[in-house]
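The primary structure of each chain is shown beneath.
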Amino acid sequence: IFWIPKMSVLNLKPHKIQLFKAGQSYRKENGDLVNEEPVFQFEEPCDVVSSGKASERQFEDGKRKTYSFAVYLDKNCNDYHIGDHVKLILSTGAKYDFVVLGFVRYQTQAKLWV
């Protein structure tokens, strides 16, 4: 009988990112304004890297902005746009809400900054 040791598998994208969709507003028959609760409509795995300090970068809109995290995604991930609201869910269970500052799709991966 052979003993096969259990091997750890490295998870390159241990965290998750969710794309925020604002709730719709509408009026009831009595005229009251109702705001639906916002929902996160899309979730995918990612790798989140802290900038470690207040790092600045010039983004696609030509503005220089300070970002907190760089988020790495698969090359065929969802499209993100400057100003999108996202929630990062770290593997530790911590959750953070951010606004997308920039998004670039490369040949083998995609990257966004929040």
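Residues numbered from 1 in each chain as written. Predicted model: local features only at pLDDT ≥ 70, side-chain atom pairs only at ≥ 80, totals over all residues. Heavy atoms only, no water.

### Observations regarding the overall build of the protein chain
Phase 1 of the analysis: The number of helices and strands found in the protein chain is zero helices and nine strands.
Phase 2 of the analysis: For the protein chain, the N- to C-terminal ordering of α and β elements is β-β-β-β-β-β-β-β-β.
Phase 3 of the analysis: Taking 13 Å as the expected radius of gyration for a compact globule of 114 residues, we find that the protein chain reaches 19 Å, considerably beyond that expectation.
Phase 4 of the analysis: Expressed as a percentage of the 114 residues in the protein chain, the buried residues total 31%.
Phase 5 of the analysis: Element-wise, carbon and sulfur atoms account for 51% of the exposed surface of the protein chain, whose accessible area totals about 8,300 Å². (Helix = DSSP H or I, 4+ residues; strand = E, 2+ residues; numbered from the N terminus. Rg over C-alpha atoms; globule rule 2.2 N^0.38 Å. Buried < 20%, exposed > 50% of the residue type's maximum accessible area, 1.4 Å probe, protein only. Areas by Shrake-Rupley, 256 points an atom, 1.4 Å probe, with all protein chains shown as cover.)

### Topic: the confidence of the model for the protein chain
Phase 1 of the analysis: Mean pLDDT over the protein chain stands at 86; residues scoring 70 or higher make up 90%.
Phase 2 of the analysis: By mean pLDDT, the top-scoring element of the protein chain is strand β9 (residues 109-113) (95), and the lowest-scoring one is strand β2 (residues 25-27) (76). (pLDDT = per-residue confidence, 0-100.)

### A few points about the sheet that holds strand β8 (residues 102-105)
Phase 1 of the analysis: Across the sheet, which stays open at both edges, the seven strands sit in the order β7-β6-β1-β4-β5-β9-β8 with antiparallel pairing between neighbours. The open sheet has two free edges, formed respectively by β7 (95-99) and β8, since each of these has just one partner strand. Taking the axes of each pair of neighbouring strands and ignoring which way they run, one obtains an average angle of 35° across the sheet.
Phase 2 of the analysis: Bridging between strand β6 (residues 85-89) and β7 involves five bridges; their strand directions are antiparallel. Along β7, the bridge assignment pairs lysine 87 with aspartate 97. (Pairing = 2+ DSSP bridges. Axes fitted to C-alpha atoms, helices over the stretch in contact; angles between N-to-C directions.)

### Considering the pattern of salt bridges
Phase 1 of the analysis: What the rule picks out here adds up to five salt bridges.
Phase 2 of the analysis: With a closest N to O distance of 2.7 Å, aspartate 61 and lysine 65 form a salt bridge.
Phase 3 of the analysis: Assessed through its relative accessible area of 17%, lysine 65 is described here as buried. (Salt bridge = Lys/Arg side-chain N within 4 Å of Asp/Glu carboxyl O.)

### Focus: the pairing of β8
Phase 1 of the analysis: Sheet topology places β8 next to β9; four bridges connect them, and they run antiparallel. Across the sheet, the residue bridging to arginine 105 is alanine 110, located in β9.
Phase 2 of the analysis: Where β8 folds back on β9, the antiparallel hairpin that results is connected by three residues.

### Re the environment of phenylalanine 40
Phase 1 of the analysis: Inspection of the secondary structure puts phenylalanine 40 in strand β4 (residues 39-58).
Phase 2 of the analysis: Taking the C-alpha atoms as reference points, phenylalanine 40 and aspartate 79, 39 residues apart in sequence, are found 15 Å from one another.

### Points about the side chain of glutamate 44
Phase 1 of the analysis: Position of glutamate 44 among the secondary structure elements: in strand β4.
Phase 2 of the analysis: Here glutamate 44 is buried and forms no salt bridge, its nearest opposite-charge partner arginine 105 lying at an N-O distance of 7.5 Å.
Phase 3 of the analysis: In this structure the side chain of glutamate 44 is engaged in a polar contact, spanning 2.6 Å, whose partner is the side chain of tyrosine 80.
Phase 4 of the analysis: Dropping the residues within four chain positions of it, glutamate 44 is found in contact with His15, Lys16, Ile17, Leu73, Cys77, Asn78 and Tyr80. (Lys, Arg positive; Asp, Glu negative; His and termini not counted. Polar contact = N/O pair within 3.5 Å; in protein donor to acceptor, adjacent residues only side chain to side chain. Contact = heavy atoms within 4.5 Å.)

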